[in-house]
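Single-letter residue listing:
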Amino acid sequence: MSYLFRKEALYRWVKDERIRLEAASSVNEGPLSADERRELIKLRREMAELKKDNEF
């Protein structure tokens, strides 16, 4: 199976991962676990929905 990635998407992913790892190391914590990452994504989505609701 081969995966096709746009060059820009891969560049952005690498850049975001480097920022994430740097932020984690600056507070003496390791990278997020898979469960923590899923929870963070869920909370960010909920926050975005709440912000949209508050705009009305």
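Refer to the structure presented above.
These lines cover the structure that appears in this document, whether it is placed above or below. (Residues numbered from 1 in each chain as written. Predicted model: local features only at pLDDT ≥ 70, side-chain atom pairs only at ≥ 80, totals over all residues. Heavy atoms only, no water.)

Take the overall build of the protein next. Regarding its fold elements, the protein presents 2 helices and 0 strands. Across the 56 residues that make up the protein, the buried fraction comes to 2%. Working note: accessible area of the protein is about 6000 Å², and carbon and sulfur atoms make up 56% of it. (Helix = DSSP H or I, 4+ residues; strand = E, 2+ residues; numbered from the N terminus. Buried < 20%, exposed > 50% of the residue type's maximum accessible area, 1.4 Å probe, protein only. Areas by Shrake-Rupley, 256 points an atom, 1.4 Å probe, with all protein chains shown as cover.)

A full pass over the atoms with the stated rule returns 4 salt bridges. When the shortest N-O distance is used, the salt bridge between Glu 17 and Arg 20 registers 2.4 Å. Pair noted here: Glu 17 and Arg 20 are both in helix H1 (residues 7-26), with a separation of 3 residues, about one helical turn. Glu 17 sits in the partly exposed class, given a relative accessible area of 23%. (Salt bridge = Lys/Arg side-chain N within 4 Å of Asp/Glu carboxyl O.)

Its 22 residues give helix H2 (residues 34-55) an end-to-end C-alpha distance of 32 Å, which sits within 8% of 32 Å, the value for a rise of 1.5 Å per residue. Little of H2 sits out of view: just 0 of its 22 residues are buried. (Expected span 1.5 Å × (residues − 1).)

Another aspect to go through is the environment of Arg 37. Relative to the helices and strands, Arg 37 resides in helix H2. A residue is classified by how much of its surface remains accessible, and Arg 37, at 33% relative accessible area, is partly exposed. When neighbours within four sequence positions are excluded, Arg 37 is seen to be in contact with Arg 20 and Leu 32. (Contact = heavy atoms within 4.5 Å.)

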